[in-house]
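Survey of secondary and tertiary structure
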Amino acid sequence: MPRPRMFDEAEVVDRARRTFAESGFAGTSLDDLLASTGLARQSLYNAFGGKKELFMRAFLSDTTEAVGAVESIRHGADAPIVRIRAQLVRTAVEHGAAQAPPSLFLRTAVELFSSDAEVAATVAATFDSIRAHYAACIVEAQQAGEIDADADADALGTYFCAVIEGMTTLGGAGVSRATLLQIGLTSLAAVPVTELGREHLGTDEGDWS
C-alpha cells in the first residue's frame, strides 16, 4: 500500500501559487518550489507530476478565485449601481500601493498567453466570465432604473472588466490607493446613470467619493 501523504495538497498549491505569482512560470525553478512548499523532490513529482502540472493547479485555483471575487457583485442588499461602486472602491483599497499579494492570473495572462494554448484558453474564458458578471450587474441596474435602458450592457461589462483589472495591475506596480480610488470613481462618469441611480449613489452630481 502507498503511504498516506503527510501534507495538505491545498496548502501546497496555495504556496506554489504565491511563488509563481512572485516570479512567474519561467522565473520559478523546481528548487524554488521545493523551498516554498516544503516538499521533497520525489513527493512533489508523486503528488503533482512536476513543475508544469503544479503550476496549472495553482493557476486554475487563482482563476477560480478571480471569478468568485467578481461574482459577489451579483449579490447583496445594496442597489446594483452601489454594488458596482463598491467593487471599484474595494479594488482600490485592497490593491493600492501593492498591498495585495500579486495575482498569478494576471501575471500568467501576460507571460504565457501567446505561447501556451491551454493557458490562453483559460485566460480568455476567465475574462469572459468576469465580463459577464459585470454585464449582468449592469442589466440589473437598468432593470432597477439606475442606468439608461438604452445603454449597451455588454460593452459596459467589458469596460468595467478593463477598468478594474487595470486598477489591480496598477496597484501591484505601487500606485496609491488614493489614485486608484480616483480612477475607479471617475470611471463611473462614462456610465449613463439616471437620476434615480444618482440618488442611490447619494449625490446629485455624480461625485461619488
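Residue numbers run consecutively from 1 along every chain, following the written order of its sequence. Given that this is a predicted model, residues contribute local features only at a pLDDT of at least 70 and side-chain atom pairs are listed and counted only at 80 or more, while totals for whole chains, interfaces and linings are drawn from all residues. To obtain the side-chain values, all non-hydrogen atoms of the structure were included, while hydrogens and water were left out.

A short note on the pattern of salt bridges
Note the cut-off: Here, a salt bridge means any side-chain nitrogen of Lys or Arg that lies within 4 Å of a carboxyl oxygen of Asp or Glu. Counting from the N terminus, the helices are the DSSP runs of H or I reaching at least four residues and the strands are the DSSP runs of E reaching at least two. The classification of residues rests on relative accessible area computed with a 1.4 Å probe and restricted to protein chains. Under 20% of the type maximum is buried, over 50% is exposed, and intermediate values are partly exposed.
Within the structure shown, the criterion is met by 12 salt bridges. For Asp-62, the salt bridge is made with Arg-17, and the minimal N-O distance between the two is 3.0 Å. Taken as a pair, Asp-62 in helix H4 (residues 51–71) and Arg-17 in helix H1 (residues 9–27) lie far apart in primary sequence, 45 residues in all. Of the residues examined, Asp-62 reaches a relative accessible area of 10% and is grouped as buried. A salt bridge links Glu-65 to Arg-17, with the shortest nitrogen-to-oxygen separation between them at 3.2 Å. Here Glu-65, found in helix H4, pairs with Arg-17, found in helix H1; they are 48 residues apart in sequence, far enough to count as distant. Taken together, the shared-partner salt bridges in this structure form one network comprising Asp-14, Arg-17, Arg-18, Asp-62 and Glu-65.

Overview of the packing of aromatic side chains
This is how it is decided: Only the six-membered ring of Trp is used, alongside the rings of Phe and Tyr, when aromatic pairs are assigned; centres must lie within 6.5 Å, and planes under 30 degrees apart are stacked while those over 60 apart are edge-to-face, with the rest tilted. In this analysis the charged atom, NZ for Lys or CZ for Arg, is taken to sit over a ring once it is within 6 Å of the ring centre and within 35 degrees of the ring normal.
Per the stated rule, a full pass over the model turns up six aromatic pairs. Residues Phe-105 and Phe-127 carry aromatic rings whose centres are separated by 5.0 Å and whose planes lie at 55° to one another, so their mutual orientation is tilted. Here Phe-105, found in helix H6 (residues 104–112), pairs with Phe-127, found in helix H7 (residues 117–143); they are 22 residues apart in sequence, far enough to count as distant. Residue Phe-127 is classed as partly exposed on the basis of its relative accessible area of 27%. Cluster of aromatic residues (ring-pair linked, three or more members): Phe-20, Phe-25, Phe-55 and Phe-59. In this structure, Lys-51 packs its charged tip against the face of Phe-25, placed 4.3 Å from the ring centre.

Quick notes on the nonpolar core
As a reminder of what qualifies: What is meant by a nonpolar core is a set of buried Ala, Val, Leu, Ile, Met, Phe, Trp, Tyr and Cys residues, joined one to another through side-chain atoms within 4.5 Å. Contact between two residues is taken to exist if any of their heavy atoms lie within 4.5 Å; hydrogens are not considered.
Grouped together as the largest cluster of nonpolar side chains are 54 residues, with contacts concentrated most on Phe-55 and Ile-84. Excluding residues within four positions of it along the chain, Ile-84 makes contact with Ile-73, Cys-137, Ile-138, Phe-160 and Leu-188.

A look at helix H9 (residues 177–187)
Stated precisely, the cut-off is as follows: Directions pointing from the helix axis toward each C-beta atom define the arc.
Residues Leu-180, Gly-184, Leu-185 and Ser-187 constitute the buried set of H9. All buried residues of H9 fall inside an arc of 155° around its axis, so they share one side. Relative to its buried face, H9 has exposed residues pointing more than 90 degrees away, namely Ala-178, Gln-182 and Thr-186. As for H9, its buried residues are in contact with helix H5 (80–95) and helix H8 (153–172).

With respect to the state of the cysteines
This is how it is decided: We call a pair of cysteine sulfur atoms a disulfide whenever their separation is within 2.5 Å.
Inspection of every chain in the model, using the stated rule, returns zero disulfides. As a non-bridged cysteine, Cys-137 has Cys-161 as the owner of its nearest cysteine sulfur, 14 Å distant. A relative accessible area of 0% places Cys-137 in the buried class. In this structure Cys-161 comes out as buried when scored by relative accessible area, which is 9%.

Focus on unusual backbone geometry
Positive phi values are uncommon outside glycine, yet Ala-97 reaches one of about 55°. If you trace the backbone, Ala-97 turns up in the loop between H5 and H6. Look at Ala-97 and you get partly exposed, because its relative accessible area is 37%. Backbone geometry places Ala-98, a non-glycine residue, at a positive phi of 55°.

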